[in-house]
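Summary of structural features
Listed here are the chains, written in short residue letters.
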Amino acid sequence: MRSISVALLALLAAPALMALPVPASQRAEIDALMAALQTSACEFNRNDLWHNAADAKTHLLRKLDYLEGKNAVQSTEQFIELAASKSSLSGRAYQVKCAGAAPVDSKVWLNAQLKIIRSAARTIALSAK
């Protein structure tokens, strides 16, 4: 009887242990954010080292893959908060610097870009009606 209980418990827990990808609509937003970063020609600061946007995108997507494996990201906002705003090792905020402007925290920059992406998506949806 005990082995049946353990087997049943393991079967019920299995779905919670499986890695789930970010929902498709949220992944589309994350991909749009990464495209905006990559095409921005901005620089990205991680732990006091400046990186080009393509390298930043690669790093952030690697962090996303890791977090997806832990079922930790189900929204674009969670991606920004958990993967794209600060170093997991040092806890220091990432920064973005564009065209001679002062650096801003990546969380601020990415949230501003997300507003633009969502606004554009609403405009497209409304014009399709």
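Each remark here, short or long, concerns the structure printed above.
Residues numbered from 1 in each chain as written. Predicted model: local features only at pLDDT ≥ 70, side-chain atom pairs only at ≥ 80, totals over all residues. Heavy atoms only, no water.

Some points on the state of the cysteines
Going through the model one piece at a time under the given rule, you end up with one disulfide. Across the disulfide from cysteine 42 sits cysteine 98; the S-S distance is 1.8 Å. An S-S torsion of about 105° defines the bridge between cysteine 42 and cysteine 98 as right-handed. With cysteine 42 in the loop between helix H2 (24-39) and strand E1 (43-46) and cysteine 98 in the loop between strand E3 (95-97) and strand E4 (104-105), this residue pair connects regions lying 56 residues apart in the sequence. Since its relative accessible area comes to 4%, cysteine 42 is described here as buried. (Disulfide = S-S within 2.5 Å. Helix = DSSP H or I, 4+ residues; strand = E, 2+ residues; numbered from the N terminus. Buried < 20%, exposed > 50% of the residue type's maximum accessible area, 1.4 Å probe, protein only.)

Digging into the environment of glutamate 68
Within the element layout of this structure, glutamate 68 appears in helix H3 (residues 53-69). Given the relative accessible area of 12%, glutamate 68 is considered buried. Taking C-alpha positions, glutamate 68 is 6.3 Å from alanine 19, a pair spaced 49 residues apart along the chain. Leaving out residues up to four positions away in the same chain, glutamate 68 has contacts with Ala19, Leu20, Pro21, Val22 and Arg27. (Contact = heavy atoms within 4.5 Å.)

Here we look at the side chain of glutamate 29
Here glutamate 29 lies in helix H2. Every residue in contact with glutamate 29, bar those within four places of it in the chain, is listed here: Thr76, Leu114, Ile117 and Arg118.

Description of the packing of aromatic side chains
Evaluated as defined, the whole model comprises one aromatic pair. Geometrically, the ring pair formed by phenylalanine 44 and tyrosine 94 is tilted, given 5.1 Å between the ring centres and 55° between the ring planes. Pair noted here: phenylalanine 44 is in strand E1 and tyrosine 94 is in the loop between helix H4 (76-82) and E3, with a separation of 50 residues, a long-range link. By the burial criterion, phenylalanine 44 is buried, and tyrosine 94 matches it. Directly above the aromatic system of tryptophan 50 lies the positively charged group of lysine 97, at a separation of 4.5 Å from the ring centroid. (Phe/Tyr/Trp six-rings, centres within 6.5 Å; stacked < 30°, edge-to-face > 60°. Lys NZ or Arg CZ within 6 Å of the ring centre and 35° of its normal.)

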